[in-house]
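The residues making up each chain are set out below.
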Amino acid sequence: MPERSITVLYFAAASTAINLTEEIVPLPDDKPFPISSLSALLAARHPGTSLGKILEGSQWSVDAEMVDDPQATQLKGGEEVAVICPVSGG
């Protein structure tokens, strides 16, 4: 069985923190993976960075659709997930 993975797109502070704009991330096991658990998975892939803290205040987009309910959104593999960092300004 081929490995299930997603493409994660990083923007703004998230990209700066890990010096990447995108990466392929394997999903654990063969069950649907809740996007609400993705922050912990990504932070574990990039120890010693501020990514975990940045993700705490970020939102998600899956296949160009904003995620309204991270608890209900399940990843199956093949999706494009974008990290949408908070924007400040005035």
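Residues numbered from 1 in each chain as written. Predicted model: local features only at pLDDT ≥ 70, side-chain atom pairs only at ≥ 80, totals over all residues. Heavy atoms only, no water.

Peer 1: So what's going on with the nonpolar core? Which residues, and what values?
Peer 2: Judged by nonpolar contacts, the single largest core of 21 residues is most densely connected at L38, L42, W60 and L75. Counting residues per element, the ones that place at least two in this core are β1 (5–9), α1 (12–18), α2 (38–45), α3 (51–56), β4 (59–62) and β7 (80–84). Top element by residues in this core is α3. It accounts for three residues. Not counting the four nearest positions on each side in its chain, W60 is found in contact with I35, L38, S39, L42, L55, E65, M66, V67, V81, A82, V83 and I84. (Core = buried A, V, L, I, M, F, W, Y, C linked by side-chain atoms within 4.5 Å. Buried < 20%, exposed > 50% of the residue type's maximum accessible area, 1.4 Å probe, protein only. Helix = DSSP H or I, 4+ residues; strand = E, 2+ residues; numbered from the N terminus. Contact = heavy atoms within 4.5 Å.)

Peer 1: How would you explain the side chain of S15 if you had to name every residue and give the values?
Peer 2: Structurally, S15 can be placed in helix α1. A residue is classified by how much of its surface remains accessible, and S15, at 14% relative accessible area, is buried. Filtering out sequence-adjacent residues up to four positions away, S15 remains in contact with Y10, L20 and T21.

Peer 1: So, the pairing of β7: which residues are in play, and what are the values?
Peer 2: Pairing geometry for β1 and β7, over three bridges, is parallel. Bridging from a neighbouring strand, T7 pairs with E80 of β7. Note that β4 and β7 share four bridges and pair antiparallel. Counterpart to V62 in the pairing with β7 is V81. (Pairing = 2+ DSSP bridges.)

Peer 1: Let's hear about the environment of I54: which residues, and what values?
Peer 2: Within the secondary structure layout, I54 lies in helix α3. When its relative accessible area of 17% is taken as the criterion, I54 is described as buried. Sequence spacing of I54 and A17 is 37 residues, and the spatial spacing of their C-alpha atoms is 8.5 Å. When near neighbours in sequence (up to four residues on either side) are disregarded, I54 contacts A13, A14, A17 and C85.

Peer 1: Now, about the sheet that holds β7: what can you tell me, with residues and values included?
Peer 2: Spatially, five strands are ordered β2-β1-β7-β4-β5 in an open sheet, and the strand pairing comes out mixed. Strand pairing shows two members of the sheet lacking a second neighbour, β2 (22–26) and β5 (65–66), which therefore form its edges. Sitting on the sheet, α2 is in contact with β1, β2, β4 and β7, with an inclination near 110 degrees to β2. (Axes fitted to C-alpha atoms, helices over the stretch in contact; angles between N-to-C directions.)

Peer 1: Could you give an account of the pattern of salt bridges, naming the residues involved and the relevant values?
Peer 2: Enumeration over the complete set of coordinates arrives at two salt bridges. With a closest N to O distance of 3.6 Å, K53 and E56 form a salt bridge. Of this pair, K53 and E56 both sit in helix α3, three residues apart, which is roughly one turn of the helix. When its relative accessible area of 61% is taken as the criterion, K53 is described as exposed. Residue E56 is classed as exposed on the basis of its relative accessible area, which comes to 61%. (Salt bridge = Lys/Arg side-chain N within 4 Å of Asp/Glu carboxyl O.)

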